[in-house]
Amino acid sequence: MVLFATLLCLGTVLSSCHRVFSLGSLCSAPLNGGAAAPGDPYWLETIKHQGTSAFNPNPSSYQVFRNVKDFGATGNGVTDDTAAINSAMSAGGRCGTGTCPSSTVTPAIVYFPQGTYLISSAINTYYYTQMIGDARNPPTLLASPNFSGFAVIDADPYIPNGYGAQWFANQDNFYRSQVSQATSLINVVVEMSTASGNNHQGMFMENGSGGFMGDIVFNGGKYGIQVGNQQFTVRNLTVSNANIAVSGIWNWGFTFQGVTINNCQVGPTQNDASTADNPRIGWLRLDYWRHQPSVGSEAIIDAVVINTPIFVRTSTASNGKLGGSLVLNNIKLNNVPTAVGVNNGPTVLAGGTTTITSWGQGNVFSGTSGTPTFTQGNIVSASKPSSLLDSSGRIFGKSHPQYANYAANQFISVKSQGAAGDGHTDDTAAIQNVFNQYAGCRIIFFDAGTYYITNTISIPAGTQIVGEAWSVILAGGSAFQNQNSPKVAVQAGTAGSTGLMEISDMILSTAGPAPGAILLEWNVHDPSGQQGAAGLWDTHISQCPSGSVNTNCQAAFLGIHLTSGSSAYFEGTWVWTADHDLDAGNSAQISVFTGRGVLSQSAGPVWLIGTASEHAALYQYNLAGAQNHWIGFVQTETPYYQPVPAAPAPYSSTSAYNDPSFSSSINMAWGMWVQNSYSIILFGGGFYSFFQNYAQSCLNTWSCQSQIFNIDSSSTITVYSLSTVGVTYQLSVSQTGVVNEGSNQDGFQETLTVWSR
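Residues numbered from 1 in each chain as written. Predicted model: local features only at pLDDT ≥ 70, side-chain atom pairs only at ≥ 80, totals over all residues. Heavy atoms only, no water.

Draft legend 1. Local environment of the overall build of the chain. Across its full length, the chain carries three helices and 46 strands. Taken across its 757 residues, the chain has 64% of its residues classed as buried. Within the chain, contacts between residues at least 6 apart in sequence are counted, and of these 70% link residues at least 24 apart. Only carbon and sulfur atoms are counted for the fraction: they give 49% of the accessible area of the chain, which is about 23600 Å². (Helix = DSSP H or I, 4+ residues; strand = E, 2+ residues; numbered from the N terminus. Buried < 20%, exposed > 50% of the residue type's maximum accessible area, 1.4 Å probe, protein only. Contact = heavy atoms within 4.5 Å. Areas by Shrake-Rupley, 256 points an atom, 1.4 Å probe, with all protein chains shown as cover.)

Right under this line is the structure:
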């Protein structure tokens with residue numbers, strides 16, 4: 001793909017002001033709003049940069065924050081800045097070029113000040129990189145008229161003469177764009193040609209296991225986005241004046257929340273048997289059959305489509321059986337004659353100027369019946385609790401905080417206040433002092449580093465935290481050793497507390513063994529009338545201690561605990577127990593044991609948007625007495641070592657934490673366990689089981705795990721677009737398998753379109 005005269009703007013989001021309910025001892029007044037002057041640059045550009053990579057071979061000299069202008073970029077729109085930007089990207093012996101599969105010791109923020117940066121060939125991103133632009137005055141990457149290369153930004157370059165090999169593996173990574181759950185794309189505007197016959201593509205994604213992107217805009221082009229990935233969550237996508245707004249190559253499941261499509265245009269396309277005289281298209285799906293490239297599942301909610309003759313077009317007809325699942329919910333059409341059609345085939349759902357309340361294509365199930373009903377028509381519309389909706393009746397969403405209007409002196413650095421961040425020094429007291437003194441009147445800035453703590457850190461309600469290149473809080477020591485008396489590492493608010501809580505760009509982890517560690521206890525609740533005031537963005541839980549492969553290598557008791565009085569907005573959060581060594585050259589598999597993934601007892605509202613939990617011994621998600629939850633897309637993986645040992649080993653089930661029980665026939669971790677929970681909506685999910693004791697022959701018979709998703713007899717949950725891999729029963733009621741995978745084969749995965757009571 002060659003992009004000509006294409007503009008890529010690194011966007012901005014404005015943070016809003018919230019009342020603060022807790023003030024530190026050195027605060028004279030709450031932080032009521034940004035104080036940046038009109039001409040000030042973005043705070044991230046001017047704040048003192050003293051971040052380090054704690055375990056880099058040369059931590060004192062390795063540079064984490066890189067301003068591209070310090071490497072020779074001009075940003076004047078005339079000088080070719082390609083070499084300077086790639087120098088900023090690669091300096092310091094970073095992981096890339098196909099010789100390094102992954103690394104945690106060479107992180108970087110590549111920062112673009114205000115300006116226009118002329119690009120003549122690809123910017124190749126290295127492993128563990130954040131590209132960030134001035135959020136006050138978004139910079140522009142401008143492809144030159146003589147641009148040569150695959151893409152302006154190439155997240156996984158092909159190796160010359162490598163016979164299709166790329167820099168990185170398509171899965172089994174962590175901090176890398178396109179292929180991993182812990183990656184995101186936010187606040188980006190892409191401007192392309194609107195000339196007839198242009199070949200511009202705003203985004204091309206062909207592989208991987210993602211991921212989240214949100215607040216993105218594509219104008220013009222042949223395709224707004226053309227995407228293929230195991231799973232992804234996309235929130236707040238706008239495409240205008242493109243030939244095709246969204247082209248789906250393949251997936252196991254995508255959730256689109258909040259989509260606007262304006263006036264997509266006619267034009268030639270590829271790989272879909274279309275011709276130049278096809279009408280304007282909003283959504284293109286390539287649907288084939290088992291073990292062939294296909295769009296397995298798409299769930300779209302809260303879309304507005306304007307002046308686009310076809311909203312969704314599939315490449316082949318379903319012919320009365322599952323051949324790609326589709327769910328449409330709250331879709332507002334304005335001058336869209338065909339809502340769903342088939343290429344060179346019939347209209348499946350007529351459009352017009354109308355609203356599609358809830359429509360689906362695929363297999364529908366109800367209660368304890370395992371008999372599917374293939375449906376192309378109206379499907380059950382889950383009752384949406386008002387607490388989950390915004391003022392327009394759509395599922396609420398909140399942008400990743402960037403604090404664009406705030407001045408650098410409104411932040412306080414934990415390193416400037418005495419924290420070392422070197423991975424060895426005990427920073428517990430220093431960090432706690434920062435919260436005690438400055439919560440509510442300063443934004444707490446965790447300079448890049450690894451902050452070792454040996455006791456609970458308590459974060460007061462009213463606190464805003466931002467990391468730098470995913471700063472790490474690392475819990476370890478004697479306090480976290482007893483799984484029979486677990487201890488919280490990071491406590492967000494105290495029980496019953498109400499107020500603002502924003503945490504972004506952080507990682508919470510353990511230095512093992514730490515079998516009694518609860519990484520994050522979330523107690524805080526939104527203030528009345530302030531939806532999403534308490535949340536996590538691009539913040540991950542990673543348990544990856546060193547140690548031999550044995551039952552003593554226990555990383556944590558529990559990843560995240562949402563307590564009964566809390567509310568939460570989590571976006572782009574991955575709770576991950578390592579299955580391979582990120583810093584070994586061969587990505588060797590390892591057995592690390594974590595007890596539990598995410599436990600929610602919250603009465604809500606809770607939004608889990610683009611979240612994942614993997615490799616915990618008992619479960620990945622447990623909803624116990626939970627209410628008013630929006631979940632989508634949600635992804636899980638069962639530990640590769642199971643059933644050797646069988647679940648729950650090396651942990652024990654305990655009623656104090658509402659754990660499931662296990663038996664000789666149910667001896668592997670649950671992807672999701674739902675008990676006594678009400679008003680739950682799961683809108684897109686992928687529950688995967690790829691191994692039995694590291695062997696994969698079970699995939700051939702869909703028998704790696706018998707059951708993976710259990711709902712008790714009383715909970716009220718509506719499930720849309722659920723895909724599984726390697727599992728015999730996709731959904732169970734009271735630990736009895738109901739939905740057999742054999743009914744829902746849909747490519748490599750199996751997909752049920754709807755399950756309800």
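Draft legend 2. Here's a closer look at the packing of aromatic side chains. The tally for this structure, following the rule as stated, stands at 30 aromatic pairs. In this structure an aromatic cluster arises from ring pairing among Tyr42, Trp43, Tyr403, Tyr406, Phe411 and Phe445. When the ring centre of Phe557 is taken as reference, the NZ or CZ atom of Arg596 above it lies at 3.9 Å. (Phe/Tyr/Trp six-rings, centres within 6.5 Å; stacked < 30°, edge-to-face > 60°. Lys NZ or Arg CZ within 6 Å of the ring centre and 35° of its normal.)

Draft legend 3. Representation of the pattern of salt bridges in the model. Per the stated rule, a full pass over the model turns up four salt bridges. Asp215 is the partner of Arg235 in a salt bridge, and the nearest nitrogen-oxygen pair spans 3.0 Å. Separated by 20 residues along the polypeptide, Arg235 in strand β13 (residues 223–240) and Asp215 in strand β12 (residues 212–219) bring together distant segments of the chain. By relative accessible area, which is 11% here, Asp215 ends up buried. Residue Glu502 pairs with Lys398 through a salt bridge whose shortest N-O separation is 2.9 Å. Here Glu502, found in strand β28 (residues 501–510), pairs with Lys398, found in the loop between β20 (373–378) and β21 (411–413); they are 104 residues apart in sequence, far enough to count as distant. By relative accessible area, Glu502 is classed as buried at 3%. Here the salt bridges share partners, and the residues they tie into one network are Asp215, Arg235 and Glu571. (Salt bridge = Lys/Arg side-chain N within 4 Å of Asp/Glu carboxyl O.)

Draft legend 4. Structural context of the state of the cysteines. If you walk through the whole model with that rule in mind, you get three disulfides. Put simply, Cys95 and Cys100 are joined by a disulfide, and their sulfur atoms are 2.0 Å apart. The sign of the S-S torsion, about -105 degrees, decides the handedness of the disulfide formed by Cys95 and Cys100: left-handed. Residues Cys95 and Cys100 agree in their burial class; the two are buried. The disulfide pattern of the chain is 1-4, 2-3, 5-6 when the bonded cysteines are numbered in sequence order. (Disulfide = S-S within 2.5 Å.)

Draft legend 5. Layout of the pairing of strand β39 (residues 670–675). Most of β39 is tucked away, with six of its six residues classed as buried. Here strand β37 (residues 616–624) pairs with β39 via five bridges, running parallel. Across the sheet, residue Leu623 finds its bridge partner in β39, namely Val674. Both β39 and strand β42 (residues 709–711) contribute to a ladder of three bridges, which runs parallel. The residue of β42 that forms the bridge with Val674 is Ile711. (Pairing = 2+ DSSP bridges.)

Draft legend 6. Seen up close, the sheet that holds strand β7 (residues 129–133). The sheet built from three strands is open, its strands ordered β2-β4-β7 with parallel pairing. Taken across any chain shown, the strands that pair with only one partner, and hence form the sheet edges, are β2 (65–67) and β7. Recorded for the sheet is a direction-independent mean angle of 20 degrees between the axes of neighbouring strands. (Axes fitted to C-alpha atoms, helices over the stretch in contact; angles between N-to-C directions.)

Draft legend 7. Main features of helix α2 (residues 82–90). Thr82, Ala84, Ile85, Asn86, Ala88 and Met89 are the residues of α2 that are buried. Where the residues of α2 are buried, they touch β2, β3 (76–80), β4 (108–112), β5 (116–119), β6 (123–124) and β7. Just beyond α2, the residue with positive phi is Gly92, at close to 95 degrees.

Draft legend 8. Expanded view of empty space enclosed by the protein. For the structure on display, the rule yields seven cavities of 30 Å³ or more. Here the second largest cavity is characterised by a volume of approximately 80 Å³. In this structure, the second largest cavity is lined by 14 residues; those nearest its centre are Gly210, Gly211, Gly610, Thr611 and Ala612. Counting only elements with at least two residues in the lining of the second largest cavity, the list comes to β13, β36 (606–614) and β38 (627–637). Classifying every residue of the lining of the second largest cavity by side-chain character gives four nonpolar, ten polar and no charged. (1 Å grid on protein atoms, 1.4 Å probe; cavity = no way out; pocket = protein on both sides within 12 Å on 5 of 7 lines; lining within 4 Å. Points joined across faces, edges and corners; volume = space filled by probe spheres on them. Nonpolar A, V, L, I, M, F, W, Y, C, P; charged D, E, K, R; others polar.)

Draft legend 9. Quick look at the side chain of Gln620. With respect to the secondary-structure elements, Gln620 resides in strand β37. Among the residues examined, Gln620 registers a relative accessible area of 1% and is labelled buried. Engagement of the side chain of Gln620 in a polar contact is seen with the backbone nitrogen of His615, the distance being 3.1 Å. A polar atom in the side chain of Gln620 sits 3.0 Å from the backbone nitrogen of Ala616. Gln620 has contacts with Gly597, Val598, Ser613, Glu614, His615, Thr636, Glu637, Thr638, Pro639, Ala669, Trp670 and Gly671, leaving out every residue within four places of it along the chain. (Polar contact = N/O pair within 3.5 Å; in protein donor to acceptor, adjacent residues only side chain to side chain.)

Draft legend 10. Seen up close, the nonpolar core. Grouped together as the largest cluster of nonpolar side chains are 68 residues, with contacts concentrated most on Phe446, Trp522, Phe709 and Trp755. When residues of this core are assigned to their parent elements, the largest contribution, five residues, is made by helix α3 (residues 428–438). Dropping the residues within four chain positions of it, Trp755 is found in contact with Phe365, Ser366, Gly367, Ile711, Ile717, Thr718, Val719, Leu731, Val733 and Val739. (Core = buried A, V, L, I, M, F, W, Y, C linked by side-chain atoms within 4.5 Å.)

Draft legend 11. Region of the structure containing the pairing of β38. By the criterion of burial, β38 is predominantly enclosed, with ten of the eleven residues buried. As defined by bridge partners, β36 adjoins β38 across eight bridges and the pair is classed as parallel. Note on β38: the bridge partner recorded for Ala612 is Gln635. Relative to strand β40 (residues 678–688), β38 runs parallel, the two sharing eight bridges.

Draft legend 12. Structural view of unusual backbone geometry. Between Gly632 and the following residue, Phe633, the backbone shows a cis peptide bond with an omega angle of -15 degrees. Note that Phe633 resides in strand β38. Cis geometry is found at the peptide bond from Ala649 to Pro650, where omega equals 5 degrees. Mapping Pro650 onto the fold places it in the loop between β38 and β39. The backbone of Tyr128 shows a phi angle near 65 degrees, a positive value even though the residue is not glycine. Tracing the backbone through its elements, the reader meets Tyr128 in the loop between β6 and β7. Positioned with a positive phi, Asn241 is a non-glycine residue whose angle comes to about 60 degrees. When you line up the elements, Asn241 lands in the loop between β13 and β14 (244–262). Judged by relative accessible area, which is 30%, Asn241 ranks as partly exposed.

Draft legend 13. Representation of α3 within the structure. Residues of α3 that are buried: Thr428, Ala430, Ile431, Gln432, Val434, Phe435 and Tyr438. Considering only its buried residues, α3 is in contact with β21, β22 (422–426), β23 (443–446), β24 (450–453), β25 (457–459) and β26 (463–475).

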